Every structure is written in structure tokens, then in C-alpha cells.
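Survey of secondary and tertiary structure
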Amino acid sequence: MIKKIIIALRSPRGRDTMMFMLFVVISTILWSVMSLGDEQQYDVRLPLKITHIPDSVTLISLGPDALSVSMNVKGSQLLKMAVGQVPTVNIDFRGYRSKNMLHLSSADLKGIVRNATGGSLVSFVYPDSISIPYTSHRGFRLPVKVEVKATSGPQASLVGRPKLSVDTVSVFVIGSDLPEDYLAVPTEALRLSGIETTTTRRVKLLGPAGSRLIPDSVDITFEVEPLLFKNRKLVVEPINVPEGIKLITFPAQIDVIYMAPASQSQNGENQLKVVADYNSIQPESKNVKLHLTGVPEELRNIHLSADSAEYLIEKVL
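Residues numbered from 1 in each chain as written. Predicted model: local features only at pLDDT ≥ 70, side-chain atom pairs only at ≥ 80, totals over all residues. Heavy atoms only, no water.

Considering the nonpolar core
Side chains of a nonpolar character, in soluble globular proteins, are inclined to be buried together. Test applied: Nine residue types can take part in a nonpolar core, namely buried Ala, Val, Leu, Ile, Met, Phe, Trp, Tyr and Cys, and a core is a set of them joined through side-chain atoms within 4.5 Å. Three labels apply to residues, based on accessible area from a 1.4 Å probe with only protein chains included: buried if under 20% of the type maximum, exposed if over 50%, partly exposed otherwise in between. Helix and strand assignments come from DSSP, with helices taken as H or I runs of at least 4 residues and strands as E runs of at least 2, each series counted from the N terminus.
Among the nonpolar cores identified, the biggest contains 23 residues, and Leu67, Val69, Ile91, Val113 and Ile130 are the most heavily contacted of them. Elements with a contribution of two residues or more to this core: strand 1 (39-51), strand 3 (66-74), strand 4 (89-92), strand 5 (101-104), helix 5 (106-116), strand 6 (121-126) and strand 7 (130-135). Among the elements that make up this core, the one with the highest residue count is strand 1 (5 residues). If you look at the next biggest cluster of nonpolar residues, it comprises 20 residues, including Val144, Leu190, Leu192 and Ile220.

The structure is reproduced here in C-alpha cells:
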């Protein structure tokens, strides 16, 4: 195979082809060298960074993270930016602050971009100006107010209250005062249903108008555990029985069936009672209704094996 290629290249036609390719390569190199010196219109997004911010200063808003720029650049600069070497536009905080405001006009932005890109002719910058308020106040520490509603699935139960990654945040405002009625930082409204496993959600915080929150969001964790099936036998307790009378039920004990979290202490379950109310007895009925009392919120699907029992009324001597 290699011998065939060598023979083909040594033929008159092969030599002509090689000569043609050589001229093409030389022409391409010459065109590239000439093009690198020409200026071309180029649109690009340049990363934006604000530098030399004192530790005592907090920007109320962060401003844009990039500038959309249209400019005339030389081919060599265009080649660098095309392969990913895009310059960063650095704004020196010290040079543009005035009366609690960092302000840059269109001319300021074009000048900074021109310096960052090696003297390119900038025809368009967006945004065409930047105004960022800032404060030297240390901020207000306020608690987080959780505005969430969550429910678990039928085979699980929520454990305790939702847990926050942080329970207080810093609030920075223009000036030195917060609205009088702003006493806590609320979260965005969050609704979750049918949670079967421990779940964490990141939720934004809502500050007053013209403020900045640090942090501006929190992680809320809902701890969930499975429910266990339980069956207990409880004595039926008569209530509202007049003096001199005894109310006896058949059966005297009844099964209570329910589901409870694995970590549920028996103290809550021990509050369960099955009662037979003497005042609910109907003269024509042979049964008395049974009711549950002292049911903890953690218990699910709770019910009695029977909702009534036969009864006998005796006089006590």
C-alpha cells in the first residue's frame, strides 16, 4: 500500500498535486497573517467583577455578572477570545463610589471594557450603566420565619418541626432602619405533600424592598420515619354514670388498631382511652357507642375493632 502511494506521488500527476497543495498551504498562512491584523466587529459577553470592596461595605445588590459588548477587535484578539481567553472586566470600587452609591455611566463602562480588551473600539455595552447602592451599616440579625406546609404519605410520619440550615440571617438596607412591622424574615411559601422519606428543599428568603439578605436562602429539612402497625387491647371505661348505678359492657375490653411512628414514645399511646358514655344510651337500643379519647396527633388510621358494645345496667347497693 505504501509503495503504491510513493509511486503515485513520484508520477507527473502526483508531483502536480503536491505542488498545488503546497501553494494552498502557503496562501492560507499568508491570508491568516494578514487577517490577524485586520479589525472585525465582534459581540461577546465579558465577565464582570467588582474589586477592592472594603470589609465594612456591603453591596445592597450584586449587579450584573457579565456585560454584553459589541466592539471592533483585531484578528489576533478575536482568535484569543474564540478559544476561550475572554478578559474579565474589573470595576475598582474605590474609583466609582459616591454617597452610598456605586455608579458607572456608559462612558465609564466603555472605557473599562476598552482597557480590559487591549484598546478595542467599543461601540455598544449592555447594560449601558450600573448603579448599585451600598451600606456601611453592620446589618440586622433577624430570625427566619418558616412559611411551609408539608404532609407525609399514608405509610410515613413527619418527625418534629422542620429543621433549618440557619435560623437567623443578616438584613442590609439603605439607611439604618427596617420597616417597623418587619420582625422576622419569611421564606417563600412551600407546599409539599405525600413525603415518604426525609426531604430537604432550598427555599428563598423574602426581604423588604431595597434590601439584601445574607444568606438569601435556607435549606429546610423534613424528617420522616415509617409508621408501624400496632394493635392494643384497652378496657372500656364508663363515663357520666349516675351514683348508685353501674354500667357494664360486653366485651369489657376492645382492640384499638392504629399506625404509629417507630420513635413514638408509649407515653402518648398510654393516654388512649375507650369510653362508653352513659348519656348516649338510647332506651330502645341494646348497645352503647364506644369512643376514643386522648388520641395523639402522631397516630394514623386509628379505629376500634367494634364501634359499640352490649351493656348491662346494675344498681349498686
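Past the structure itself, the notes keep going.
Considering the sheet that holds strand 15 (residues 199-204)
Put simply, the rule reads: Whether two strands pair depends on DSSP finding at least two bridges between them.
The strand order across the open sheet formed by 3 strands is 11-17-15, and the pairing between neighbours is antiparallel. Strands with a single pairing partner mark the edges of an open sheet, and in this sheet they are strand 11 (163-164) and strand 15. The sheet contact formed by strand 11 and strand 17 (residues 217-222) spans 2 bridges and is antiparallel. Each residue of the ladder has a partner; that of leucine 164, found in strand 17, is isoleucine 220.

A look at the packing of aromatic side chains
Quick reminder of the rule: Here a pair means two rings of Phe, Tyr or Trp (six-membered ring of Trp) with centres within 6.5 Å. Their orientation is stacked below 30 degrees between planes, edge-to-face above 60, and tilted elsewhere.
For the coordinates displayed, the defined rule picks out 1 aromatic pair. Both rings, one in phenylalanine 93 and one in tyrosine 134, keep their centres 5.0 Å apart while their planes meet at 70 degrees; by these two values the pair is edge-to-face. One end of the pair, phenylalanine 93, is in helix 4 (residues 93-96); the other, tyrosine 134, is in strand 7, with 41 residues separating them in the sequence. Taking the relative accessible area as the measure of exposure, tyrosine 134 reaches 7% and is therefore buried.

Section: the pattern of salt bridges
The cut-off we apply is this: Between Lys or Arg on one side and Asp or Glu on the other, a salt bridge is scored when a side-chain nitrogen of the former is within 4 Å of a carboxyl oxygen of the latter.
Applying the stated criterion to the full structure yields 6 salt bridges. With a shortest N-O distance of 3.0 Å, aspartate 255 and lysine 233 are connected by a salt bridge. One end of the pair, aspartate 255, is in strand 20 (residues 253-261); the other, lysine 233, is in strand 18 (residues 224-239), and 22 residues separate them in sequence. On the basis of relative accessible area, lysine 233 is assigned to the exposed category, the value being 51%.

As for the pairing of strand 17
Of all 6 residues in strand 17, 5 are buried, a share of seventy percent or more. Pairing of strand 15 with strand 17 involves 6 bridges; the strand directions are antiparallel. Looking at strand 17, one finds that threonine 199 is bridged to phenylalanine 222.

Side note on the environment of methionine 101
Heads up, the condition is: Contacts are assigned to residue pairs with any non-hydrogen atoms lying within 4.5 Å of each other.
Along the chain, methionine 101 falls in strand 5. Between the alpha carbons of methionine 101 and tyrosine 134 there is a distance of 5.9 Å; along the sequence they are 33 residues apart. Ignoring sequence-local partners within four residues, the contact set of methionine 101 consists of Tyr96, Ser131, Ile132, Pro133 and Tyr134.

Topic: the confidence of the model for the protein chain
The condition is simple: As a per-residue quantity, pLDDT reports the predictor's confidence and falls between 0 and 100.
Residues of the protein chain with pLDDT of at least 70 account for 82%, and the chain-wide mean is 83. Averaged pLDDT values for the elements of the protein chain fall to 56 in helix 2 (residues 12-37) and rise to 95 in strand 17. Low pLDDT, under 50, characterises residues 33-37; the predicted model gives this stretch 7 contacts beyond four residues in sequence or across chains.

Some words on the sheet that holds strand 16 (residues 211-214)
If you trace the 4 strands from one edge of the open sheet to the other, you get 13-8-12-16, paired in mixed fashion. Because the sheet does not close on itself, it has two edges, and the strands there are strand 13 (185-186) and strand 16. Here strand 12 (residues 168-173) pairs with strand 16 via 4 bridges, running antiparallel. Among the inter-strand pairings, phenylalanine 172 is bridged to a residue of strand 16, identified as arginine 212.

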